[in-house]
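In case you want the letters, here they are:
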Amino acid sequence: QKEVEQDPGPLSVPEGAIVSLNCTYSNSAFQYFMWYRQYSRKGPELLMYTYSSGNKEDGRFTAQVDKSSKYISLFIRDSQPSDSATYLCAMSGSNFGNEKLTFGTGTRLTIIP
Amino acid sequence: DAGVTQSPTHLIKTRGQQVTLRCSPISGHKSVSWYQQVLGQGPQFIFQYYEKEERGRGNFPDRFSARQFPNYSSELNVNALLLGDSALYLCASSRGQDYQPQHFGDGTRLSIL
């Protein structure tokens, strides 16, 4: 069993829709949770990161963490064609920034104009 | 500020050859990590260096090695290349302290023939 599970999609939604992306994990030591966006032939770009349980909002993006369920989500409101990319969840332990990241497989998202 | 820079962008090698990939971190970042991303998968952790010392190693064979230089740049070496080493090799840098996230370069795409 992988430490981090993520539905690979692909996921296609019409422009303006709300998108929900999710990951589950099994390692209770994970404390920091990140979402990266990766365009084709590019490296992952950090969107948001959160510590422990709770919500965090940044513009059209909201990240949620439920440590009791070992479940994290990323919501994209008013989705745009430019949001079409692969979204990767990543996690690390308490020494955030100075230890390895464990990634999901990524969800490929297409926003249809 | 310049982001993480990696060279070369693309590389084609044959089985049994050796390759060296290079990474320059963001200015002020002292930690460098290497990841392997196979097509359709999330990045897998290979190595992490902080202040020129190895801080972590992933589940990769001894054919993979790395080092970090006094200016915090880094090299990843892979010997005796196999077809399965074909992947996007990503470098990420972070301050290595103060709980700051890792930022990725656009990677080196390595193809083994």
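Up top is the structure these notes are about.
Being a predicted model, the structure only gives us computed values, none of them experimental. (Residues numbered from 1 in each chain as written. Chains lettered and ligands numbered in written order. Predicted model: local features only at pLDDT ≥ 70, side-chain atom pairs only at ≥ 80, totals over all residues. Heavy atoms only, no water.)

> Hey, could you run me through the interface of chain B and chain A in this one?
When the parts come together, some accessible area is lost, and that loss is often what is quoted as the size of the interface. The interface of chain B with chain A comprises 25 residues on the first partner and 22 residues on the second. Between chain B and chain A lies a buried interface of about 1900 Å² when both sides are counted; carbon and sulfur atoms form 49% of it. Counting every contact that joins chain B to chain A gives one salt bridge. The residue Lys42(A) makes a salt bridge to Asp106(B) at a minimum N-O spacing of 3.5 Å. (Contact = heavy atoms within 4.5 Å. Buried area = accessible area lost by both parts, 1.4 Å probe. Salt bridge = Lys/Arg side-chain N within 4 Å of Asp/Glu carboxyl O.)

> Would you take a moment to explain the sheet that holds strand E3 (residues 19–25) of chain A for this structure?
The strands that make up a sheet are held in pairs by hydrogen bonds between backbone atoms, and each pair lies either parallel or antiparallel. Residues and elements named next belong to chain A. Strands sit in the order E1-E3-E8-E7-E6 across an open sheet of five strands; the sheet is antiparallel. Only two strands of the sheet have a single partner each, and these edge strands are strand E1 (4–6) and strand E6 (54–58). Going from strand to strand, the sheet's axes swing by 15° on average, the running direction of each strand aside. Note that E1 and E3 share three bridges and pair antiparallel. Bridging across to E3, Gln-6 finds its partner in Cys-23. (Pairing = 2+ DSSP bridges. Helix = DSSP H or I, 4+ residues; strand = E, 2+ residues; numbered from the N terminus. Axes fitted to C-alpha atoms, helices over the stretch in contact; angles between N-to-C directions.)

> So what exactly am I meant to see when it comes to the nonpolar core here?
In globular proteins that are soluble, nonpolar side chains generally tend to be buried together. In this structure, Trp35(A), Ile72(A), Leu74(A), Tyr87(A) and Met91(A) are the most contacted members of the largest nonpolar core, which totals 24 residues. Elements supplying a minimum of two residues to this core: E3, strand E4 (32–38), strand E5 (45–51), strand E7 (61–66), strand E8 (71–76), strand E9 (85–92) and strand E11 (107–112) of chain A. Apart from residues lying up to four places away in sequence, Leu74(A) is in contact with Val19(A), Ser20(A), Leu21(A), Trp35(A), Leu47(A), Met48(A), Phe61(A), Thr62(A), Ala63(A) and Tyr87(A). Judged by nonpolar contacts, the second largest core, of 22 residues, contains Ile46(B), Phe47(B), Ala66(B) and Leu81(B). (Core = buried A, V, L, I, M, F, W, Y, C linked by side-chain atoms within 4.5 Å. Buried < 20%, exposed > 50% of the residue type's maximum accessible area, 1.4 Å probe, protein only.)

> Help me understand the layout of surface pockets in this model?
Over the atoms a probe the size of a water molecule is rolled, and this reveals where empty space is left. Approximately 660 Å³ is the volume attributed to the largest pocket. Looking at the largest pocket, it is lined by 26 residues, and the ones nearest its centre are Gln38(A), Ser40(A), Thr86(A), Leu39(B) and Gly40(B). Residue assignment for the lining of the largest pocket shows that the elements contributing at least two residues are E9 and E11 of chain A together with strand E9 (87–94) and strand E11 (108–112) of chain B. With four residues, E11(A) is the single largest residue contributor to the lining of the largest pocket. Considering only enclosed or pocket space, the second largest pocket measures out at about 360 Å³ in volume. For the second largest pocket, the lining is made up of 21 residues, of which Thr102(A), Phe103(A), Pro43(B), Gln44(B) and Phe45(B) are closest to its centre. When its residues are assigned to classes, the lining of the second largest pocket shows seven nonpolar, ten polar and four charged. (1 Å grid on protein atoms, 1.4 Å probe; cavity = no way out; pocket = protein on both sides within 12 Å on 5 of 7 lines; lining within 4 Å. Points joined across faces, edges and corners; volume = space filled by probe spheres on them. Nonpolar A, V, L, I, M, F, W, Y, C, P; charged D, E, K, R; others polar.)

> Just to check I follow, could you spell out the state of the cysteines for this structure?
Linking two cysteines covalently through their sulfur atoms gives a disulfide. Residue and element names in this part refer to chain B. Scanning all chains against the criterion turns up two disulfides over all chains. Disulfide partner of Cys-23: Cys-91, at an S-S distance of 1.8 Å. Measuring the twist about the S-S bond at about -65°, one finds the Cys-23-Cys-91 disulfide to be left-handed. Taken together, the residues Cys-23 in strand E3 (residues 19–24) and Cys-91 in strand E9 connect sequence positions 68 residues apart. Classification of Cys-23 by relative accessible area gives buried; the value is 2%. (Disulfide = S-S within 2.5 Å.)

> Please explain unusual backbone geometry as it appears in this structure.
Note: most peptide bonds trans; most residues except glycine with negative phi. Between Gly9(A) and the following residue, Pro10(A), the backbone shows a cis peptide bond with an omega angle of 5°. Residue placement: Pro10(A) occurs in the loop between E1 and strand E2 (11–14). In this model, Ser7(B) is joined to Pro8(B) through a cis peptide bond whose omega is -10°. In this structure, Arg41(A) is a non-glycine residue whose phi angle is positive, near 65°. Structurally, the position occupied by Arg41(A) is in the loop between E4 and E5. With relative accessibility at 60%, the residue Arg41(A) sits in the exposed group. In this model, Lys70(A) sits at a positive phi of 55°, which is unusual for a non-glycine residue. On the basis of relative accessible area, Lys70(A) is assigned to the partly exposed category, the value being 25%.

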